Amino acid sequence: MMQTRKGKVAYIATVYTHLAAFHLPFMSDLRAAGFTVHAYAAPDHGRGEVDAAGFECRDLPFSRNPLALGNLGAMRELIGWLKRERYDLIHVHTPNASVVCRVAARLAGQPAPQIVYTAHGFHFYSGAPWRNWLLYYPLERFLSRWTDVLVTINREDERRAVAFPVRGRSVYVPGVGVDRSLHAAWEGDERERLRRDLGLAPDEFAVLCIAELNRNKNQGQLISAIAELRRRGLPAVLLLAGVGREEARYRQLAAESNAAQAVRFLGYRRDVPQLLQAADALALLSRREGLPKALLEGLAAGRPLVATAVRGSRDLVVPGRNGYLVAVGDVAAAADALEQLQQDAARRRRMGEYSRKLAGLYDLEQIRRDVAAVYAGLGLMERTEVCREQPSLGGAEEGEVYDQAIPE
């Protein structure tokens, strides 16, 4: 990447954790190109990581609740910052922040910065509650008129965004990428040591779930599936990596299902690559997704996947090739999919190999070039490499498209 001119960029999300988890590489690329980059979000435990990366943090009282008064306060403060800083570019993420930000930019007056909005999963989607369509669909469609680039990260959202009256254009970029160098395979004694450290017996089938413990991530279905496997006499163990407000309820569910010993609550972890190498399979049974980073990491680690057949997850799981898709709420189907993996080590290896191939489509370095190409299209950067052509859906299902894109 080469700098065309120096300027200022605001990276904005509802909470700093989102910026810390997904966007520091892209913020660093802008800084390396000569831009001053400021971070705006509501303070949480991710703030320290953004600050440690060298980005000035400016706290705003965003709320995840779209009707919370804090969002009005955040808008008022943001208008002041926009008038003061006169940014060349705003790159905003997360739904509530995107609404506040685009309205604030409009009210702040001229010169207006260029606005990129990455939609990490519209709140309206196939199967969404009707109230989501009534509220969020018209709002997103209207605000697209104040958006220079609308970035979608999964195929379902891409299909909808192309019909929006975007001021500039809509672009598909497949997620936030995954650093494949972090997921080298651990074999033999090293893997067994990892499993011992987690208290796993050699014959135990370890299923890992990496997600905040909340209702949307739907760990309850997974806990019930593990309990069903135990009732079938299979030595299944569930590793839950994450924290969240539903932890107490999930602990109670595990106890009531006679699976308390089989469900391990690991808390917030920074050793996800190691956990993936210790696990036999990765599961994510969410009710709604954008393009889940956990499944991307599972691909890179070469693990078979079990996921719900929801937007985003469908992009990453090719049924029968690298895992299984099940319906939200179908405990028996989830248990059956996991049992098939538990019973067949050769199948696990074969699916894991296909996952590693699929991970190449989401390599972080390529995604960085894709995002740089978005900025280049706005005249903010020159790029030294051409952005790849994404495979076309052509009427096929998401997984089928990626299946076709991978050489045998």
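Relevant structure appears above.
Predicted, not measured: the structure shown is a model, and the values here were computed from it.

**Regarding the overall build of the protein**
Then, in step 1: In terms of regular secondary structure, the protein is built from 17 helices and 15 strands.
Then, in step 2: The principal-axis extent of the C-alpha atoms belonging to the protein is close to 65 × 45 × 40 Å.
Then, in step 3: Residues counted as buried form 56% of the 408 residues belonging to the protein.
Then, in step 4: Long-range pairs, those at least 24 residues apart, make up 70% of the contacts in the protein with a sequence separation of at least 6.

**Here's the deal with helix α16 (residues 364-377)**
Then, in step 1: With 14 residues, α16 should reach 20 Å at 1.5 Å per residue; the first-to-last C-alpha distance of 20 Å fits that figure.
Then, in step 2: Most of α16 is tucked away, with eleven of its 14 residues classed as buried.
Then, in step 3: Measuring from the backbone nitrogen of Glu365 back to the side-chain oxygen at the start of α16 gives 3.1 Å, which picks out Asp363 as the cap.
Then, in step 4: Where α16 terminates, the next one or two residues include Gly379, which has phi positive at roughly 80°.

**Observations regarding the sheet that holds strand β7 (residues 149-152)**
Hydrogen bonds between backbone groups are what pair the strands of a sheet, and the pairing can be parallel or antiparallel.
Then, in step 1: The strand order across the open sheet built from seven strands is β4-β3-β2-β5-β6-β7-β8, with neighbouring strands paired in parallel fashion. Every interior strand has two partners, whereas the edge strands, β4 (56-59) and β8 (169-172), have only one. For this sheet, the mean inter-axis angle between neighbouring strands, taken without regard to orientation, is 20°.
Then, in step 2: Across six bridges, strand β2 (residues 8-15) lies against strand β3 (residues 36-42) in parallel orientation.

**Quick word on the side chain of Glu204**
Then, in step 1: Within the element layout of this structure, Glu204 appears in the loop between α8 (188-197) and β9 (205-210).
Then, in step 2: With relative accessibility at 16%, the residue Glu204 sits in the buried group.
Then, in step 3: One polar contact links the side chain of Glu204 to the main-chain amide nitrogen of Ala201, over a distance of 2.8 Å.
Then, in step 4: When neighbours within four sequence positions are excluded, Glu204 is seen to be in contact with Arg195, Gly199, Pro235, Val237, Arg264 and Asp280.

**Structural notes on the environment of Pro43**
Then, in step 1: Looking at the secondary structure, you find Pro43 in the loop between β3 and α3 (47-52).
Then, in step 2: Expressed as a C-alpha distance, the spacing of Pro43 and Glu156, which sit 113 residues apart in the sequence, is 31 Å.

**Comments concerning helix α4 (residues 70-85)**
Then, in step 1: Between the first and last C-alpha of α4 there are 22 Å, a value that for 16 residues agrees with the 22 Å anticipated at 1.5 Å per step.
Then, in step 2: Buried residues of α4: Asn71, Gly73, Ala74, Met75, Leu78, Ile79, Leu82 and Glu85, and no others.
Then, in step 3: Against β2, β3, β4, β5 (89-93) and α5 (95-108) lie the buried residues of α4.
Then, in step 4: The positive-phi residue at the C-terminal boundary of α4 is Arg86, with phi of around 55°.

**Here we look at unusual backbone geometry**
Then, in step 1: Unusually for a residue other than glycine, Thr94 sits at a positive phi of about 75°.
Then, in step 2: Given the relative accessible area of 12%, Thr94 is considered buried.
Then, in step 3: If you check the backbone angles, Asn218 has positive phi at about 60° while not being a glycine.
Then, in step 4: Looking at Asn218, the relative accessible area reads 6%, which means it is buried.

**Brief notes about the pairing of β8**
Then, in step 1: Relative to β8, β7 runs parallel, the two being bridged by four bridges. Its bridge partner lying in β8, Thr152 is registered against Tyr172.

Calculation notes
The residue count restarts for each chain, going from 1 along the sequence in the order it is written. Local features in a predicted model are, by the rule used here, given only for residues with pLDDT of at least 70; side-chain atom pairs are given and counted only at 80 or more, and totals for whole chains, interfaces and linings are based on all residues. For side-chain calculations, the full set of non-hydrogen atoms in the structure is used, while hydrogens and water are omitted. Helix and strand labels come from DSSP, where a helix needs a run of H or I of at least four residues and a strand needs a run of E of at least two; each type is numbered from the N terminus. Each residue gets one of three labels from its accessible area relative to the maximum for its type: buried under 20%, exposed over 50%, partly exposed in between, using a 1.4 Å probe on protein chains only. Pairs of residues are marked as contacts when any of their non-hydrogen atoms sit within 4.5 Å. Helix span is expected to be 1.5 Å times the residue number reduced by one. Contacts described as polar in this section are N or O atom pairs within 3.5 Å, which, within protein, must combine one atom able to donate a hydrogen with one able to accept it, while residues neighboring in sequence count only if both atoms come from side chains. At least two DSSP bridges between two strands are needed for those strands to be called paired. Lines fitted to C-alpha atoms define the axes, with helix axes restricted to the stretch in contact, and inter-axis angles between N-to-C directions lie between 0 and 180 degrees.

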